Amino acid sequence: MTTWTIAPEPYDSPVAAALWRAYYTEVSDRWYLLHEGHRTDPAELEREVAARTGAELAPPNGELLVARYGGEPAGTAGVRLLDPGTAELTRVFLRRETRGRGGAALLVRAAEKAATALGARRMILDTRGDLVEARTLYARLGYVETGRHNTDPYAEHWFTKDLAGTLNPAS
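Described in the following lines is the structure provided in the data block. For every chain, the first residue of the written sequence is number 1, and numbering continues from 1 onward in sequence order. Residue-level local features of this predicted model are given only where pLDDT is at least 70; pairs of side-chain atoms are given and counted only at 80 or more, and the full residue set underlies all totals for whole chains, interfaces and linings. Only heavy atoms go into the side-chain values, all of them from the structure, while hydrogens and water stay out.

**Focus: the pattern of salt bridges**
Salt bridges, as used here, are contacts in which a Lys or Arg side-chain nitrogen is within 4 Å of a carboxyl oxygen on Asp or Glu. Scanning all chains against the criterion turns up 9 salt bridges. Put simply, glutamate 112 and arginine 109 hold a salt bridge, and the shortest N to O gap is 3.9 Å. You can see glutamate 112 and its partner arginine 109 sitting in helix α3 (residues 103–117), 3 residues apart, about one turn around the helix. Under the scheme used here, helices are H or I runs from DSSP no shorter than 4 residues and strands are E runs no shorter than 2 residues, and both carry numbers assigned from the N terminus.

Given below as structure tokens:
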């Protein structure tokens, strides 16, 4: 039986970089195909991948988690503290071939534990309208849609979850 493992990974490791590129390519292509009828321009993709290093996901105020399925890198979830009590969930991604096997929920729950260990009592996130699967996952895991909490031009839905009392950081 193939199993999932989830562990912290340096944001700038080769594994993290490959997963970031896969994540960004997929969400960017999805947006461009929906709104403009073409995939992301390769030069733009390279600029954005290089510009968004993920340094905010480094300890002591953040963490990048990598999920492996059967030992192979399959996805990520990032957490970063925005203030002492609030963490942001970001870069939640699973490679297409590993979806539908429970990994997304495991990643988000691991990210919630990481956020709690960093001192957060609340997790927030944003996503786009076309990422229906993500919105469904967050709602299923107890996230509640809220008003806008950032100025990201691509964000269309904002969620929050109270972490206090729902997780034990020692578990």
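**Brief notes about the pairing of strand β3 (residues 72–83)**
Pairing geometry for strand β2 (residues 62–69) and β3, over 8 bridges, is antiparallel. In the sheet register, valine 66 faces β3, and the bridge partner there is threonine 76. Think of it this way: DSSP has to see at least two bridges between two strands before they count as a pair. In textbook terms, the turn of a hairpin is the stretch between consecutive antiparallel strands, and for β2 and β3 this stretch comprises 2 residues, one of which, glycine 70, has a positive phi near 60°. Summarising the sheet, β3 and strand β4 (residues 86–94) pair through 7 bridges and their orientation is antiparallel. Bridge pairing in β4 places glycine 78 opposite threonine 90.

**Quick notes on helix α1 (residues 14–36)**
By definition here, a helix of n residues has an expected span of 1.5 Å times n minus one. In this model, α1 (23 residues) spans 32 Å end to end at C-alpha, consistent with the 33 Å of a helix rising 1.5 Å per residue. Looking one or two residues beyond α1, the residue adopting positive phi is glycine 37, at roughly 75°.

**Details of the nonpolar core**
Counting 37 residues, the largest nonpolar core has Leu89, Met123, Tyr138 and Tyr143 as the members making the most contacts within it. Broken down by secondary-structure element, the contributors of at least two residues to this core are α1, α2 (42–51), β2, β3, β4, α3, β5 (122–127) and α4 (132–140). With 6 residues, α1 is the largest single contributor of residues to this core. Here, two residues are considered to be in contact whenever any of their heavy atoms come within 4.5 Å of each other. Each residue touching tyrosine 138, except ones within four places of it in the same chain, is listed here: Leu89, Val92, Val108, Leu125, Tyr143 and Phe159. Here, the term nonpolar core denotes a set of buried Ala, Val, Leu, Ile, Met, Phe, Trp, Tyr and Cys residues that are joined through side-chain atoms within 4.5 Å. The buried label applies to any residue whose accessible area, calculated with a 1.4 Å probe on protein chains only, is under 20% of its type's maximum; exposed applies above 50%, and partly exposed to all values in between.

**A few points about the packing of aromatic side chains**
Classification of ring pairs uses Phe, Tyr and Trp, with its six-membered ring standing for Trp, and accepts pairs whose centres are within 6.5 Å; under 30 degrees between planes counts as stacked, over 60 as edge-to-face, and the remaining range as tilted. Scanning the model with the defined rule gives 6 aromatic pairs in all. Judged by centre distance (5.7 Å) and plane angle (80°), the ring pair of tyrosine 23 and phenylalanine 93 falls under edge-to-face. One end of the pair, tyrosine 23, is in helix α1; the other, phenylalanine 93, is in strand β4, and 70 residues separate them in sequence. An angle of 55° between the planes, with centres 6.0 Å apart, marks the rings of tyrosine 138 and phenylalanine 159 as tilted. Of this pair, tyrosine 138 sits in helix α4 while phenylalanine 159 sits in strand β7 (residues 157–162), and the two are 21 residues apart along the sequence. According to the relative accessible area criterion, phenylalanine 159 is buried, its value standing at 3%. Aromatic ring contacts, followed pair by pair, group Trp20, Tyr23, Tyr24 and Phe93 into a single cluster. We note arginine 91 situated over the ring of tryptophan 20; from NZ or CZ to the ring centre the distance is 3.6 Å. A ring is scored as having a charge over it whenever the NZ atom of a lysine or the CZ atom of an arginine sits within 6 Å of its centre and within 35 degrees of its normal.

**Comments concerning the sheet that holds β4**
Read across the sheet, 7 strands follow the order β1-β2-β3-β4-β5-β7-β6 without closing on themselves; strand pairing throughout is mixed. Looking at strand neighbours, the two that pair on one side only are β1 (4–8) and β6 (144–146), the edges of this open sheet. With direction set aside, neighbouring strand axes in the sheet form an average angle of 30°. Pairing between β6 and β7: 3 bridges, direction antiparallel. Residue pairing across strands places glutamate 145 opposite phenylalanine 159, the latter belonging to β7. Lines are fitted to the C-alpha atoms to define the axes, a helix being fitted only along its stretch in contact, and any angle between axes, read from their N-to-C directions, falls within 0 to 180 degrees.

**So, α2**
Among all positions in α2, only Glu44, Leu45 and Val49 are buried. All buried residues of α2 lie within an arc of 130° about the axis, which places them on one face of the element. With respect to the buried face of α2, the exposed residues turned more than 90 degrees away are Arg47, Ala50 and Ala51. Buried residues belonging to α2 abut α1. Each C-beta atom gives one direction from the helix axis, and the arc is the one those directions make.

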